[in-house]
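Fold and geometry: a report
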Amino acid sequence: MSFTLITGASSGIGEAIARRLAPLRPLILCGRSSERLAALQSSIGGGPHLLWPFDLRNVTSATDALSAFLKTHEAAVDAFVHSAGIVKVLPMRDMDCETVAEIMDVNFLAAVQIIRALLRRPVNGRHLSNVVFLSSSYSIRGTKGQAIYSASKGAIDAMMRSLAVELAPDVRLNSIVAGGVPTNMAQAVLRDPELSARNRELYLLGLGKISDVVDAVEFLLSEKASWITGSSMVVDGGLTVR
Ligand SMILES: NC(=O)c1ccc[n+]([C@@H]2O[C@H](COP(=O)([O-])OP(=O)(O)OC[C@H]3O[C@@H](n4cnc5c(N)ncnc54)[C@H](OP(=O)(O)O)[C@@H]3O)[C@@H](O)[C@H]2O)c1
């Protein structure tokens, strides 16, 4: 059976993508906590969905771990959504290598390692046909304290464009350049009344909802986007157009 693999499925945008897609296609749900993934699986009605509890900081073992998981379950992956991500807001003078590595590992390198597994012919045949990365408006817009997070998202956008060329016409790759939506990750900003008020002014179309981002992911995964590859789709309520 062919599955859609979603990282970051235990929270926020990834969880909302899983809830939206669960009735439509079999899913492999990736997150760190087995308990939270199991709770999600039961709340979406069980179905054929599989759970892959894995800490993506273990990037060096991610390719082999996913390969082994697919073999054990006799599963293939035709679509991959990388929603796992972390942000640490720190001025560069307080940044250290450990924090840089953590952000790059989860936001960027984990996606590399997963795609390497999905391109292994003995593991996944030629099943992979569609990849969507969750990027951020910070990949194109500067802001204080987020240089490394921005770099991780810029890296994934750049990789997406080159891989779209390398893997065409078999695999379509796109990213969503998302503005802020209310998940755990964005809570710090949204809870701060000053930052929240400033944000309201910046977004031409007002603050976004998680479902605005999920709609775009669903579109890119669908046949309606069959002539779209190598694109960074901006879904940010007009934040970056100014
Ligand atoms: N929310 C926004 O405003 C916004 C805007 C632009 C882009 N984005 C991007 O959208 C994506 C989803 O963000 P979100 O807002 O939904 O954040 P979130 O609610 O904090 O969810 C992050 C997800 O990433 C997973 N994750 C973090 N570290 C991991 C690790 N070491 N191994 C495996 N999984 C790990 C988390 O799993 P655990 O449950 O195990 O922690 C969680 O499922 C991210 O890539 C983010 O950069 C978000």
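This write-up is about the structure you can find in this document. Think of each chain on its own: its residues are numbered from 1, step by step along the sequence as written. Since the coordinates come from a predicted model, pLDDT governs what is reported: local features require at least 70, and pairs of side-chain atoms require 80 or more to be given and counted, while whole-chain, interface and lining totals use all residues.

**Digging into the site of the ligand**
The criterion for a residue being near a molecule or strand is simple: its C-beta atom, placed using the backbone, must lie within 6 Å of it. Taken together, 27 residues form the shell around the ligand, and within it Gly8, Gly12, Arg32, Gly85 and Thr183 come nearest. In DSSP terms, a helix is any run of H or I states spanning at least four residues, a strand is any run of E spanning at least two, and both are numbered starting from the N terminus. Broken down by secondary-structure element, the contributors of at least two residues to the shell around the ligand are helix 1 (12-21) and strand 5 (130-136). In terms of residue count, the dominant contributor to the shell around the ligand is helix 1 (3 residues). A breakdown of the residues in the shell around the ligand according to their chemical character gives 10 nonpolar, 13 polar and 4 charged. In this classification, the charged set is Asp, Glu, Lys and Arg, the nonpolar set is Ala, Val, Leu, Ile, Met, Phe, Trp, Tyr, Cys and Pro, and all remaining amino acids, among them Gly, are polar.

**Observations concerning the packing of helix 1 against helix 9 (residues 210-221)**
Simply put, an axis is a line fit to the C-alpha atoms, just over the touching stretch for a helix, and the angle between two N-to-C directions goes from 0 to 180 degrees. Running from amino to carboxyl end, helix 1 crosses helix 9 at an angle of 55 degrees, the nearest separation of the two axes being 9 Å. Put simply, helix 1 runs oblique to helix 9. Our pair here, helix 1 against helix 9, has a crossing hand that is right-handed. Judged by residue contacts, Gly12, Ile13, Ala16, Ile17 and Arg20 of helix 1 engage Ile210, Ser211, Val213, Val214, Val217 and Glu218 from helix 9. Classifying every residue of the contact of helix 1 with helix 9 gives 7 nonpolar, 2 polar and 2 charged. Angular relationships are summarised with four words: roughly parallel below 35 degrees, roughly antiparallel beyond 145, roughly perpendicular across 65 to 115, and oblique for the angles in between. Crossing handedness follows the turn of the near helix against the far one: under a right angle anticlockwise gives a left-handed crossing, and clockwise gives a right-handed one. In this description, any two residues whose backbone-derived C-beta atoms lie within 7 Å of each other are considered to be in contact.

**What about helix 6 (residues 147-167)?**
The first and last C-alpha atoms of helix 6 sit 30 Å apart over 21 residues, in line with the 30 Å expected at 1.5 Å per residue. Exposure classification rests on a simple neighbour count of other C-beta atoms within 10 Å of a residue's own: a residue reaching 20 or more is buried, one at 12 or fewer is exposed, and one in between is partly exposed. C-beta atoms are placed from the backbone. All buried positions along helix 6 are accounted for by Ile148, Tyr149, Ser150, Ser152, Lys153, Ile156, Met160 and Leu163. One fewer than the residue count of a helix, multiplied by 1.5 Å, yields its expected span.

**Topic: the sheet that holds strand 3 (residues 50-53)**
As summarised here, the arrangement of the 7 strands in space is 3-2-1-4-5-6-7, forming an open sheet in which the pairing is parallel. The two strands at the open ends of the sheet, each matched to only one other strand, are strand 3 and strand 7 (231-235). Each adjacent strand pair in this sheet contributes to an overall mean axis angle of 20 degrees, direction not counted. Sheet analysis places strand 4 (residues 76-82) next to strand 5, joined by 4 bridges and oriented parallel. Across the sheet, residue Phe80 finds its bridge partner in strand 5, namely Val131. Sheet strands in contact with helix 1 are strand 1 (2-7), strand 2 (27-31), strand 4 and strand 5, and its direction is about 155 degrees off that of strand 1. This element, helix 6, spans strand 5, strand 6 (172-178) and strand 7 of the sheet and lies at about 160 degrees to strand 6. What makes two strands pair is DSSP finding at least two bridges between them.

**Observations concerning unusual backbone geometry**
Between Ala168 and the following residue, Pro169, the backbone shows a cis peptide bond with an omega angle of 0 degrees. Note on placement: Pro169 falls in the loop between helix 6 and strand 6. Of note, Glu74 is a non-glycine position whose phi angle comes to about 50 degrees, a positive value. Turning to its location among the elements, Glu74 is positioned in the loop between helix 3 (59-72) and strand 4.

**Quick look at the environment of Ile103**
Within the secondary structure, Ile103 sits in helix 4 (residues 97-118). C-beta crowding within 10 Å serves as the criterion here: with 23 such atoms nearby, Ile103 is assigned to the buried category. Distance in space between the C-alpha atoms of Ile103 and Arg116 is 20 Å, their sequence separation being 13 residues.

**Considerations on helix 9**
Compared with an ideal rise of 1.5 Å per residue, which puts 12 residues at 16 Å, helix 9 spans 17 Å between its outermost C-alpha atoms and is within 8% of the ideal. Residues of helix 9 that are buried: Val213, Val214, Ala216, Val217, Leu220 and Leu221. Along the long axis of helix 9, the arc covered by the buried residues comes to 160 degrees, so they all point the same way. Contacts made by the buried residues of helix 9 are with helix 1, strand 4, strand 5, strand 6 and strand 7. What the arc covers is the set of directions going from the helix axis to the C-beta atoms.

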